[in-house]
Every structure is written in C-alpha cells, then in structure tokens.
Amino acid sequence: MKIIAADVIVTSPDRNFVTLKITTDDGITGLGDGTLNGRELSVVSYLADHVVPLLIGRDPHRIEDTWQFLYRSAYWRRGPVTMAAIAAVDVALWDIKAKAAGMPLYQLLGGASRNGIMAYGHASGRDLPELFDSIRRHLDMGYRSIRVQTSVPGINAVYGVAAQPSVDGKRYDYEPAQRTALPAEEDWDTRAYLRHLPGVFEAVRNEFGPELPLLHDGHHRMTPIQAAKLGKALEPYDLFWLEDCTPAENQEALRLVRRHTTTPLAIGEIFNTVWDYQTLIREQLIDYVRSAVTHTGGITAMRKLLDYAAQYQIKSGIHGPTDISPVGMAAALHLDLAIHNFGIQEYMQHGAATNEVFRSSFTFDDGYLHPGELPGIGVELDEKAAAGFPYQPAYLPFNRLQDGTVHDW
C-alpha cells in the first residue's frame, strides 16, 4: 500500500478547522486534525508546502517511522505548528490502518479498558443564579462532572463565561476566537479573582452537594504563589482539579504550588511534547495531563506521554474544546478508551454546522462518551458541505492589567 494523495482542507462551519485527508492506492482514506486556534493557516502552509510532498509514495502502515521522519528530519523540532502538522499525519495514518484492519481504532490500541469515557461539560454564569441554571442545564444534558467558570466583579470579560457579550456576537465559551480583524482586548485583576472565586465554589457546593465533581480553569493567569493561595482556599470544596493555575513553561514553578495545596492539578493544554512534562511528571507535580492529541503529535506521541505519566499514577485529561475538530475528538476518544490511566475527557459539543461537515460515529450518553464501532476513527468529512464554509480570519482575545500591561489570557 502506498500514499498517492494528501489534501489539506480548510473549512469554517462554527469556527476554522484544518483537516488532512490522506488517500492510498487501495482507495482507503484517513483524516487527521491539524487545527491550531488563531494560527490555522500556519499549519496549512506547513502541511501543504513541506509535509505533503514528503508523504507521496510512502507506506501508510509505517506510522512510527513516518512520525520519527517528520519530527527529526525537519531539524527544527517541537513547537505547536510542527506538532499539529505531525498530529494530522499521524491520526490520518492510524485511521487508514484501522480501516484496513476492519476495526475501530481502539481495538488496535489494545482494546477497551472501560465501557465508556467520563466527560465534563462547561458551566458558567455572570452571577450565581445564572451559574446555577447553567449547571442544571448541563446535568440535564447528562454530564456527571462540571467545570465551573464565573464572572468576577470589576472585570468586564472573563475566559469561559458564556453569557458575556463578544465582539462578533457568538456564545463566548463556545468559541472565544472572534472573527475580527484584530484580537479583542480584555481586562484582568488577579486579586479580585482570588477574593471572589472561593465564595462561588462554597455556594455551588451548598446548592449541589458534595458528590458532584467540580473543575475550574485558572487559564495560566496566576503566579505560582497566587496559584498556591487559590488551591489552598479551594480545598474545602473538594475540586476534581484546578487547571492551568500558572504558566508552566517553568516546570519547577509547580513545586511551590504543590507544597502549599492538596487540590489536584491539571496542566498542559498548550504543551506539545513530552519534554514539556518531564519535570512535572517525574516529580509528580501534577495529577492530570491536559494535552490534546491534535497539538501533541497525534496518537503515537500521546500514547507514549500517557504511558510515561502512568508510571507516576498521573492520569489523562485530554483537551477537548470546540477548537478540536470532531476528527481530533474522535482520536482522543479511541485513546481514552484504550489506556489504563484514563482520568476524564473534556467535551464541548460542536454546533450543527460542524456536525454537518464532519459526520461522526462517537456518542454521548448518560455522561459517557464512546467512539463507536466503525472501522478507523469513525469520522468522515463531507467535502461539499465543507466547501460551503470558507476560512475566516479569527483571533483569540488577549488581556491587559489595569495599568495597561499585557497579561496571560
């Protein structure tokens, strides 16, 4: 079997997606997700100009060899653009291999380790009544675990709060990348956030009881000592995890956080290789790995990363917002089902237009996801429908502090 074509397809139903479609001489096709929110065309160029010419004529079954070739032959390794492009190739090749075997991908990864994949949803509100309503809606949808985000008095816009207005009128936590010529500017005040948040979780626990798993995303906005203070303040409310409490490029910073709180920590949605986790995992400074299959070199690399984490009783919490396409989500679900150290899966449901373009076999029932039993990853791309949604420039917002300093968004 040989690769005879590799096409990069850009479509923008509810947001921009980058899909790689690989075709073999046997007529088998495989799909991979190369979406990088706000920088999609960088991956398009990397794939179309540099990677696709290298794929023609290769054996699609040689997945490990192709991964190593694309990673090492470029010389300039790592980085989100490179790793998203490699991920697109890797997932497409696994899709082809599983289709050739006549099996859903998870069977080739060792078979199912569980019956279903626990998912968490995103609840938010500008005040407590609105937040409570959002939590109840998610419980009615079947979610058994809930991420809680809330507005903060004195701050105009906070990441992940759906009811806030956005520049382009879209539901805010559904797609924060706004289709504008320039990134939207937001404001931030960490002290106000630290004062406000513990009371929110106290109210949520009083309303919904001690059993409901609650999560929260700090979105990289705290220093290590601020993160430690928040983690300690949230301990009475028994969070499932506190996510991205501080920028973790400086991996040693998590030592300080870990010394001061027993709140479980999840890190890594902006990481793209195992090297970003080396200290965090070896020193057991985190509890959950948050990388996306789409941004971390695909299934091949994520499986190795999670096997490394398993040695230290660290579990998966794969990134799964709507800027991961259904192709990337399906790849994550096959991996979730197969690995032993699964923790939880983020799941934001795509919109109707996205589901028109990407026809997926995965299901969500009673709080649990399943990738389905179709051969491959279980997603097909309707190219005619995709063509009806051309690319539109879009940017994620950015933050400034009260004095005008650019801050982590």
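Fair warning: this is a prediction, and the values are worked out from it, not measured in the lab.

**Quick notes on the sheet that holds strand 18 (residues 406–407)**
By definition, the strands of a sheet pair up through backbone hydrogen bonds, in either a parallel or an antiparallel sense. Read across the sheet, three strands follow the order 6-17-18 without closing on themselves; strand pairing throughout is mixed. With one partner strand each, in any of the chains shown, strand 6 (185–187) and strand 18 form the two edges of the open sheet. Relative to strand 18, strand 17 (residues 398–400) is paired through two bridges, and the arrangement is antiparallel. Each bridged residue has a counterpart across the sheet, and for Arg-400 the counterpart in strand 18 is Val-406.

**Points about the domain arrangement of the protein chain**
The domain architecture assigned to the protein chain consists of domain 1 (3–104) and domain 2 (109–373). Look at where the C-alpha atoms of domain 1 and domain 2 centre, and you get two points 26 Å apart. On the side of domain 2, 36 residues touch domain 1, which itself brings 31 residues to the contact. Overall, the association of domain 1 and domain 2 removes approximately 2500 Å² of surface from exposure, summing both partners, and the carbon and sulfur fraction of that is 57%. At the junction of domain 1 and domain 2, the tally comes to two salt bridges. Residue Asp-276 is joined to Arg-78 by a salt bridge in which the shortest nitrogen-to-oxygen separation is 3.3 Å.

**Here's the deal with the pairing of strand 3 (residues 29–33)**
By the criterion of burial, strand 3 is predominantly enclosed, with four of the five residues buried. Strand direction decides the pairing type here: strand 2 (residues 17–24) and strand 3, joined by five bridges, are antiparallel. Note that in strand 3 the partner of Thr-19 across the bridge is Asp-33.

**Remarks on the packing of aromatic side chains**
Each aromatic ring pair is described using two quantities: the centre-to-centre distance and the angle formed by the ring planes. Taken as a whole and judged by the stated rule, the model has 16 aromatic pairs. When the centroid spacing of 6.4 Å and the interplanar angle of 45 degrees are considered together, the rings of Tyr-143 and Tyr-347 count as tilted. Separated by 204 residues along the polypeptide, Tyr-143 in the loop between helix 5 (128–141) and strand 5 (145–150) and Tyr-347 in the loop between strand 12 (345–346) and helix 12 (352–357) bring together distant segments of the chain. The two residues Tyr-143 and Tyr-347 agree in class, both being buried. Between Phe-271 and Tyr-277 the ring centres are 4.9 Å apart and the planes differ by 80 degrees, which places this aromatic pair in the edge-to-face class.

**Points about helix 6 (residues 190–208)**
In a regular helix each residue adds 1.5 Å, so 19 residues correspond to 27 Å; helix 6 covers 27 Å between its end C-alpha atoms and thus fits that length. Of all the bends in helix 6, the greatest, near 25 degrees, is centred on His-196, and the proline Pro-198 appears no more than four residues after it. Listing the buried residues of helix 6 in full gives Thr-190, Ala-192, Tyr-193, Leu-194, Leu-197, Pro-198, Val-200, Phe-201, Ala-203, Val-204 and Arg-205. Next to the buried residues of helix 6 lie helix 5, strand 5, strand 7 (214–217), helix 7 (224–234) and strand 18. Where helix 6 begins, the capping side chain belongs to Asp-189, and its oxygen is found 3.1 Å from the backbone nitrogen of Arg-191. Positive phi shows up at Gly-209, right after helix 6, with a value of about 85 degrees.

**Things to note about the pairing of strand 5**
Here strand 5 lies mainly inside the structure; six of its six residues are buried. Pairing between strand 4 (residues 117–125) and strand 5: six bridges, direction parallel. Looking across to strand 5, one finds that Tyr-120 is bridged to Ser-145. One crossover worth recording links strand 4 to the parallel strand 5 by way of helix 5, and it is right-handed.

**Comments concerning the nonpolar core**
General note: in soluble globular proteins, nonpolar side chains tend to be found buried as a group. Core analysis: the largest hydrophobic core is formed by 111 residues, its most contacted members being Ile-22, Leu-47, Val-89, Val-289, Val-293, Ile-299 and Leu-335. Shared between two domains, this core holds at least three residues of each, these being domain 1 (3–104) and domain 2 (109–373). Setting aside chain neighbours within four positions, we find Val-289 in contact with Ile-267, Tyr-277, Ile-281, Leu-305, Leu-306, Ala-309, Ile-314, Lys-315, Ser-316, Gly-317 and Ile-318. Residues Tyr-120, Leu-215, Phe-240 and Ile-344 belong to the second largest nonpolar core, which totals seven residues.

**So, the environment of Asp-244**
Mapped onto the elements, Asp-244 comes out in the loop between strand 8 (241–243) and helix 8 (253–260). When near neighbours in sequence (up to four residues on either side) are disregarded, Asp-244 contacts Asp-217, Gly-218, His-219, His-220, Arg-221, Ala-266, Ile-267, Gly-268 and Glu-269. Within the structure, the side chain of Asp-244 is placed 3.4 Å from the backbone nitrogen of Gly-268, a separation counted as a polar contact.

**Some thoughts on helix 5**
Along its 14 residues, helix 5 runs 20 Å from first to last C-alpha, staying within 8% of the 20 Å computed at 1.5 Å per residue. Those residues of helix 5 not exposed but buried are Leu-131, Phe-132, Ser-134, Ile-135 and His-138. The arc that holds every buried residue of helix 5, seen down its axis, measures 160 degrees, which confines them to one face. Turned more than 90 degrees away from the buried face of helix 5, the exposed residues are Pro-129 and Asp-140. Residues of helix 5 that are buried in the fold lie against strand 4, strand 5 and helix 6. The opening residue of helix 5 is Asp-127, an N-cap whose side-chain oxygen sits 2.9 Å from the backbone nitrogen of Glu-130. Backbone geometry just downstream of helix 5 places Gly-142 in the positive-phi region, at approximately 110 degrees.

Quick notes on the rules
Going along each chain's sequence as written, the residues are numbered from 1 onward. For this predicted model, a pLDDT threshold of at least 70 governs which residues receive local features, and a threshold of 80 or more governs which side-chain atom pairs are given and counted, while totals over whole chains, interfaces and linings are taken from all residues. Just so you know, side-chain values use all the structure's heavy atoms and leave hydrogens and water out. For two strands to pair, DSSP has to find at least two bridges joining them. The way it works is that DSSP assigns letters per residue, a run of H or I at least four long becomes a helix, a run of E at least two long becomes a strand, and they are numbered from the N terminus. For each domain, the first and last residues come from an automatic or database assignment. Only heavy atoms enter the contact rule, under which two residues are in contact if any of them lie within 4.5 Å. Buried area: the sum, over both parts, of the accessible surface (1.4 Å probe) that disappears when the two are put together. What counts as a salt bridge is simple: a side-chain nitrogen of Lys or Arg found within 4 Å of a carboxyl oxygen of Asp or Glu. Partly exposed describes any residue whose relative accessible area lies between the buried limit of under 20% and the exposed limit of over 50%, with all areas from a 1.4 Å probe on protein chains only and scaled to the type maximum. Stacked, edge-to-face and tilted are the three classes for Phe, Tyr and Trp ring pairs, Trp counted by its six-membered ring, which pair at centre distances within 6.5 Å; planes under 30 degrees apart are stacked, over 60 edge-to-face, the rest tilted. Between the first and last residue of a helix there are one fewer steps than residues, each counted as 1.5 Å, and that sum is the expected span. Two axes define the bend at a residue: one fitted to the seven residues ending there, one fitted to the seven starting there, and the bend is the angle between them. Definition of a polar contact: a pair of N or O atoms within 3.5 Å, with one able to donate and the other able to accept a hydrogen when the atoms are protein atoms, and with sequence-neighbouring residues admitted only if both atoms are side-chain atoms. Viewed with both strands pointing away, a crossover whose connecting path from the first strand over the helix to the second turns clockwise is right-handed. In this description, a nonpolar core means a group of buried Ala, Val, Leu, Ile, Met, Phe, Trp, Tyr and Cys residues linked to one another through side-chain atoms lying within 4.5 Å. Note that the arc is computed from the directions linking the helix axis to the C-beta atoms.

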